[in-house]
Every structure is written in C-alpha cells, then in structure tokens.
There are 2 protein chains.
Amino acid sequence: MTKKMSELLSKEEFEAKLRGMGDMYHIHHPFHIRMYKGECTKEEIQGWVANRFYYQTAIPIKDAAIMSNNPPLEDRRKWIDRITDHDSVGGGIEAWLELGEAVGLNKEDLISHKYVLPAVKFAVDAYINFAKQRPWKEAAMSSLTEMFAPQIHQQRLNTWPDNYPWIEAKGLRYFQKRLSEARRDVQHGLSITLEEFNTVELQNKAFEILQFKLDILWTMCDALYLAYELKRPPYFNIEGYENEQRKINCSE
Amino acid sequence: MTKKMSELLSKEEFEAKLRGMGDMYHIHHPFHIRMYKGECTKEEIQGWVANRFYYQTAIPIKDAAIMSNNPPLEDRRKWIDRITDHDSVGGGIEAWLELGEAVGLNKEDLISHKYVLPAVKFAVDAYINFAKQRPWKEAAMSSLTEMFAPQIHQQRLNTWPDNYPWIEAKGLRYFQKRLSEARRDVQHGLSITLEEFNTVELQNKAFEILQFKLDILWTMCDALYLAYELKRPPYFNIEGYENEQRKINCSE
C-alpha cells in the first residue's frame, strides 16, 4: 500500500500522490474489467446494480453524518448539495432505481436490499460508521475517490450501449449525472484536504483514509466476483440453504 | 435464510430453531473443511491465525460495549467474565499470540494487524459497531454462535497434531480453553435469549441477529479463501502493488 512519508509534501506533490492512488481504484478490479469488455452476464449486471444500490443509499446517510460532526457553516452550505444530489426528486437514488428497472430488477427488490451480500453490507456500513465516528475533515476527505469516478462513469456511457444492448438507455442517467457532480464535489473535497491535512502526520493519515475507501470499493467487487462469477454466495454448499434471497431473478 | 415465523414458539422450539441454524456455522465453510482434512498450506494456516487475531482482539471490546449499554447488575457480574477470559494474563489474547508463534508468525506482526484483510476488518468491525449501537440484549444474544464453537475447537484438538505436525502443541491452548468457557457463556446467553425474546417479533429478530453473526464468520472465511487459496488478495492484479503487507512470510 502507500508507504508512509517522512517529509511534508507541497500541495502539488500531495495532490499528485493522492491521485496516484487511483491505480487501486476499482476500475482496475477484474470484475469491472470484464464489465467494461462486455463479458458480464445479465445475472452479474443485476447483482452489481442490486448490491451497489446499498452503497448508493448509504451516500446521503454518510454525508448527513459528516454534517452532524460540526463542519463550519461555509462547508455545510456546500456539503448539503451532496445530500440533495442523491435524495431529491429525480436525484441519484431515483436514477439508480431507474437503472435497476433498466437491467430487469423489481423496484421493491432493490429497496428491500434482498440481494445485498453480507460482505458488501459490512464494507458499506464501515463507511457509514467511519463518517459517524471520525472528525468531519477525515470523513470529508474520504470522499476523494470521486477524483477517479468520472472515468469509470464515462466508460460505462461509452461501452454499455454496444456491450449490453438489452439494458434500456434510461438506465444510464445516473452515470451522466455524476460526471459533473463528482467534479464539483472533488473541488470542495480536495480544497479541504490540501488545506487541512498540512503536517506529515496528517498527510500520512490522508493516505490511510483514501486507502480505506479504496479497500471498501475493491472488497465490494470481490464479493460480487465470489457470488456471481464463481457462484459461491454465502452458504452455497449447505444442503437446503438455496439462498433464495441471494438469487437474482432474471426477469425478461 | 431462516424464514420469518408467524406464531410464538415455545422455549424448547425456539432453542431448537436457534441451534438448527448451526447448519450455517463456518465449520461447514469449504475453507474450514479443508483445514479439518489437513489440506491447508502453511500460508493458509498463518493467514487464518493472523486474520482471526483481529476477531480475537474485538471480543473483549464488543463485550465492554455490551456492558456499557446498561445491562442489569446481575448480568454485568457474569458478562465481565467474558472480558477477563480474554484480557487477563494467560487469557485468550495471550493464548492466540502463542498460537501465532506456534504457526511461525512474529508476535509484532500479529499485534500490528499487518496481515488483516479489509473484508475481515469490515466484518469484525460490524460486530463491534453492532454491540455499541444496539440494545444490550440484542448484542448479548448475538454471542450464541458459541453454541456451535466447542465442536470446531474439539475438531482442531483432534486433528491438528496429525494433520499439521509442524504446529507446536502449545498453540492449541486457546481451543482447549474455549471448550469450557464457551459452554458457560452459552448458558448465560441462552437464558437471556429464551427469557427476553418472548414475542413473535422478538423471536424473529433473534433469528436475524444470529444470521448476522453467522454471516460475519462466513464472510471472514470467504476473504481467506480469496486471498490465500485463490491468491487474489486486494490489488493482486495491480502492477507494482505487491501487497507486502498482505504477504504472509513463512518463517521456518
């Protein structure tokens, strides 16, 4: 992982090093590489959408947790946009539900989280608990994986129509939406990080926090790989435990 | 998983149904089946011991969290034994460190948690956060996987000397210790559960909580399978990220 630094980096060097950690962004996970190449089955796409929905619902929750930990007024005025981006009518939550319908899932099954794998739940809940329990600046800078997000969203916009023509186009609205929202979020997140993480110890702490966030995203992909590609969801080998809840139903 | 019941079960039926969930106990995970049969490599045994140590250190912490949520005096008098079982001189923490040495790990590497996989950390932290955030009775009954633990500890005592003769015998002290401690713990945990979870809703809640705890243990095994059997620890395919921290060094 990223080695501990022993000297204070300039803001430019600090930003460069944070951006360099994008080598570990889940765009490089074999599951996403297969998705990009068009190799995912319908079940794998549905499994990803259903499990990702748990992460999506966690975003405004963790942003509210951050706001509850006393950021200054000026930061709260900006941070609240993240909540409304997701929660408002026509916002990110609704857009992901549209994606769910576009890949053939029932809205109620998404909302009930019936297909969410335990490993995914634990990883996402770790993010929420971090936002609740840590000082607001630490949780704020953990959002910086958004530096890498526009690339993966653009990838999907570019390749899904040809690779997965069975997915309705309306489902791509979330990715389109995030292209500009993520860039705006990063401006605020990065300015907090470069300004506030201004000692050797704090810069190293920032690398640890970003690593933690990258680990969450990578772990989610590992869980999907295990359950949908290797067909080893929890208790897969236990007689009589058919994991009805974990079987994605491909509705045509 | 366990279907929701619609009628109140007698205490005998309730206990039988809880015990029946042992079909999903991690003794049945393919990783533990291989371990039982003597098929694990030294690296897999070391990886398991190092990652399980994170769970071991969480036990007295989650028990303190339970005690901080206002159990009655009589329950606190008993529950504190769980903390001293692990934390005292010669207790469970020290016994697991002895197991670490017995399988060839460095004590400092165990204590620093350098080999702990993210998915394991997230699963164990979910248990700690549950104990912090839920009413004490819910967290207390989540300890009931101890109903199934003596069998897996006895298995290890029976089979490790022949299957893994390179492991020093002193390393087995933890398993021996837990045979009696777990049985005593279950008496208290079960009496709380049968007494307090006394409506249909509460009995169904108890099944959900035990499922959550079984999911934590199963998820840990999945992470070990991925990292040590499939050799796919986090970022395994990323050029230049050798996961030095995740490579178990087999010291002879």
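Named according to an unreviewed UniProt entry, chain A is Pyrroloquinoline-quinone synthase originating from Arcobacter arenosus. Quoted verbatim from the Catalytic activity (unreviewed entry) heading of the UniProt record, the comment on chain A is "6-(2-amino-2-carboxyethyl)-7,8-dioxo-1,2,3,4,7,8-hexahydroquinoline-2,4-dicarboxylate + 3 O2 = pyrroloquinoline quinone + 2 H2O2 + 2 H2O + H(+)".

A.B. asks: Explain the overall build of chain A here, please?
C.D. replies: Helix and strand counts for chain A stand at eleven helices and zero strands. N-terminal to C-terminal, the α/β element order of chain A is α-α-α-α-α-α-α-α-α-α-α. For 252 residues, the compact-globule estimate of 2.2 N^0.38 gives 18 Å, and chain A sits close to it at 19 Å. Seen along its three principal axes, the alpha-carbon backbone of chain A occupies a region of about 55 × 40 × 35 Å. Counting only residues that meet the buried cut, chain A has 59% of its 252 residues in that class. Expressed as a percentage of contacts within chain A between residues at least 6 apart in sequence, the contacts between residues at least 24 apart total 80%. Split by element, the accessible area of chain A, about 10700 Å² in all, is 51% carbon and sulfur. Counting 33 positive and 37 negative side-chain charges, chain A places the averaged centre of each group 2 Å from the other.

A.B. asks: What is the right way to look at the interface of chain B and chain A in this model?
C.D. replies: When the parts of a complex come together, some accessible area is lost, and that lost area is often taken as the interface size. Every contact between the two is made by 36 residues of chain B and, on the other side, 36 residues of chain A. A buried area of about 3200 Å², summed over both sides, lies between chain B and chain A, and 63% of it is on carbon and sulfur atoms. For the pair chain B and chain A, the number of links is zero salt bridges. Put simply, chain B and chain A have twelve residue pairs in polar contact (both at pLDDT 80 or more) between them. Mapped onto the side of chain B that touches chain A, the elements with two or more residues apiece are α2 (30-36), α7 (118-133) and α11 (200-229) of chain B. Considering each element in turn, the side of chain B that touches chain A owes the most residues, ten residues, to α11(B). Grouping the amino acids of the side of chain B that touches chain A by side-chain chemistry returns 21 nonpolar, ten polar and five charged.

A.B. asks: Even after reading the chapter, I still don't get the relation of the copies chain B and chain A, so can you show me in this structure?
C.D. replies: Both copies of the chain are related through a single rotation about an axis accompanied by a shift along the same axis. For the pair chain B and chain A, the best superposition has an RMSD of 0.0 Å and corresponds to a rotation of 180 degrees with a translation of 0.0 Å parallel to the axis. Those values place the two copies in the arrangement expected of a two-fold rotation axis. Relative to the rotation axis, the C-alpha of Phe122(B) is the closest in chain B, positioned 2.7 Å from it.

A.B. asks: Teacher, can you tell me more about unusual backbone geometry here?
C.D. replies: One non-glycine residue, Tyr235(A), lies in the positive phi region at around 65 degrees. Mapped onto the secondary structure, Tyr235(A) falls in the segment after α11 (200-229).

A.B. asks: Help me understand the nonpolar core in this model?
C.D. replies: In summary, soluble globular proteins display a tendency toward joint burial of nonpolar side chains. Counting residues in hydrophobic clusters, the biggest one holds 172 residues, and the most contacted among them are Trp48(A), Trp160(A), Phe175(A), Trp48(B), Val49(B), Trp160(B) and Phe175(B). If we ignore the near neighbours within four places in the chain, the residues touching Trp160(A) are Met35(A), Trp48(A), Leu99(A), Pro165(A), Ile167(A), Leu172(A) and Phe175(A).

A.B. asks: Teacher, can you tell me more about the packing of helix α9 (residues 149-163) of chain A against helix α10 (residues 173-196) of chain A here?
C.D. replies: When two helices pack together, you describe them by how their axes are tilted relative to each other and by the distance separating the axes. Residue and element names in this part refer to chain A. Two elements in contact, α9 and α10, have axes whose closest approach is 9 Å; the angle formed by their N-to-C orientations is 155 degrees. Taken together, the axes of α9 and α10 are roughly antiparallel relative to one another. For the pair α9 and α10, the crossing hand works out as left-handed. Along its contact with α9, which presents Pro 150, His 153, Gln 154, Arg 156, Leu 157 and Trp 160, the element α10 presents Tyr 174, Phe 175, Gln 176, Arg 178, Leu 179, Ala 182 and Arg 183. Taken together, the residues that form the contact of α9 with α10 break down as seven nonpolar, three polar and three charged.

A.B. asks: Explain helix α3 (residues 42-67) of chain B to me, please; I cannot follow it from the model alone.
C.D. replies: One turn of the α-helix equals 3.6 residues, which is why residues spaced by three or four share an orientation. Residue and element names in this part refer to chain B. The end-to-end C-alpha separation of α3 is 38 Å, in line with the 38 Å expected for 26 residues at 1.5 Å each. If you look at α3, its biggest bend is around 30 degrees, right at Ile 59, and the proline Pro 60 turns up within four residues after that. Burial within α3 is extensive, with 21 of its 26 residues counted as buried.

Rules of the game
- Residues numbered from 1 in each chain as written.
- Chains lettered and ligands numbered in written order.
- Predicted model: local features only at pLDDT ≥ 70, side-chain atom pairs only at ≥ 80, totals over all residues.
- Heavy atoms only, no water.
- UniProt positions renumbered as here; feature names shortened; annotations may be inferred.
- Helix = DSSP H or I, 4+ residues; strand = E, 2+ residues; numbered from the N terminus.
- Rg over C-alpha atoms; globule rule 2.2 N^0.38 Å.
- Buried < 20%, exposed > 50% of the residue type's maximum accessible area, 1.4 Å probe, protein only.
- Contact = heavy atoms within 4.5 Å.
- Areas by Shrake-Rupley, 256 points an atom, 1.4 Å probe, with all protein chains shown as cover.
- Lys, Arg positive; Asp, Glu negative; His and termini not counted.
- Charge placed at Lys NZ, Arg CZ, Asp CG, Glu CD.
- Buried area = accessible area lost by both parts, 1.4 Å probe.
- Salt bridge = Lys/Arg side-chain N within 4 Å of Asp/Glu carboxyl O.
- Polar contact = N/O pair within 3.5 Å; in protein donor to acceptor, adjacent residues only side chain to side chain.
- Nonpolar A, V, L, I, M, F, W, Y, C, P; charged D, E, K, R; others polar.
- Least-squares fit on C-alpha atoms with pLDDT ≥ 70 in both.
- Core = buried A, V, L, I, M, F, W, Y, C linked by side-chain atoms within 4.5 Å.
- Axes fitted to C-alpha atoms, helices over the stretch in contact; angles between N-to-C directions.
- Parallel < 35°, antiparallel > 145°, perpendicular 65-115°, else oblique.
- Left-handed = near helix turned anticlockwise from the far one by under 90°.
- Expected span 1.5 Å × (residues − 1).
- Bend = angle between axes of the 7 residues up to and from the residue.

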